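For reference, the chains in residue letters:
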Amino acid sequence: MLAALSLGSMCLSAEAAHSMTVPTEWHWARIHGHRIYYTVRGDGPTLVLLHGGGDSGEHSFVRQLDVFSERHHIVAPDQVGQGRTPEVPGPLSYTAMMEDTAALFNLLKLKHVDVVGFSDGGILALMLAIRHPELVRRLVVSGVNIAPEGLNAEDLEELRATQIPKPTTIDEKLAHLWLTSPTDTELSLALLAKITQPVLVVSGDRDAITLEHTLTIFHALPQAELCVLPGTDHATFSGRSEWLNPIISAFLDRS
């Protein structure tokens, strides 16, 4: 599994490990015939956190949950086969995960809320804004691509080398997803141009997504701001929280 894209083996600092001990409230919902688990924390305007591939909402945002729950009602779902949510038969699909997320929004009666997405979660956030614009007020996305070609060449080569005909494990399904998606019907420059909400596009200058691809996404969005973090890889939320958290807070606080 790609080290830059999978956070499961990432070592947590003492600060991150401490924040994971803060109690969270877990719930589950039956959506499209299967269970989706999600955590909630805090009070205030709702902020939905969408995790990276192969991770969980609680872990992808371990250095954000305590900070943002002081002023927000956090909802952080785990996508199918990831975190606490069990797998479902068949391959992974960004479209299916996005529709699961939209269904959870509707079940919880969430509309016009802020969404923060990391990596795969950022892809889902952009797709939500396109297909369900009434659900999203502002977006923050980090480490996103709109096609497999947005990955750097080394990671693409590694993905191709690890492909198997019939993926069965979650890691195999994720690798297949990253190599084949998003498709042009899921995300494209023309679709990005339809997003009217403000979007903060975040990237590390050493991200798994090429900076050129990130800039292309930024320029395609009608109301976008760009934040490139120096000396930073794909793990922007965990690796640069001291920089990123205040930037996100200021962006979300705008009317």
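Use the structure listed above.
For the structure given in this document, a descriptive report is provided here.

Reading guide: rules and limits
Residues numbered from 1 in each chain as written. Predicted model: local features only at pLDDT ≥ 70, side-chain atom pairs only at ≥ 80, totals over all residues. Heavy atoms only, no water. Helix = DSSP H or I, 4+ residues; strand = E, 2+ residues; numbered from the N terminus. Buried < 20%, exposed > 50% of the residue type's maximum accessible area, 1.4 Å probe, protein only. Contact = heavy atoms within 4.5 Å. Lys, Arg positive; Asp, Glu negative; His and termini not counted. Charge placed at Lys NZ, Arg CZ, Asp CG, Glu CD. Pairing = 2+ DSSP bridges. Axes fitted to C-alpha atoms, helices over the stretch in contact; angles between N-to-C directions. Right-handed = clockwise from strand over helix to strand, strands pointing away.

**Here we look at the overall build of the protein**
- Counting secondary structure elements, the protein contains 11 helices and 8 strands.
- Principal-axis analysis of the C-alpha atoms places the extent of the protein at approximately 45 × 40 × 40 Å.
- Burial analysis of the protein (255 residues in total) assigns 56% to the buried set.
- Sequence separation of 24 or more characterises 76% of the internal contacts of the protein that already satisfy a separation of 6 or more.
- The averaged location of the 30 negative side-chain charges in the protein is 7 Å from the averaged location of its 18 positive side-chain charges.

**Some remarks on the sheet that holds strand β2 (residues 34-41)**
- A sheet is described by the order of its strands in space; here 8 strands give the open sequence β1-β2-β4-β3-β5-β6-β7-β8, paired in mixed fashion. Every interior strand has two partners, whereas the edge strands, β1 (25-31) and β8 (224-229), have only one. Sheet twist, expressed as the average angle between the axes of neighbouring strands with direction ignored, equals 20 degrees.
- As judged from the 7 bridges shared by β1 and β2, these two strands associate in the antiparallel manner.

**Some remarks on the pairing of strand β6 (residues 136-142)**
- By the criterion of burial, β6 is predominantly enclosed, with 7 of the 7 residues buried.
- As paired elements, strand β5 (residues 113-118) and β6 share 5 bridges and run parallel to each other. Within β6, the residue paired with V116 across the bridge is V140.
- In this fold, the crossover linking β5 to β6 by way of helix α5 (residues 120-131) has right-handed handedness.
- Strand direction decides the pairing type here: β6 and strand β7 (residues 199-204), joined by 4 bridges, are parallel. Of the residues in β7, the one forming a bridge with V140 is L200.

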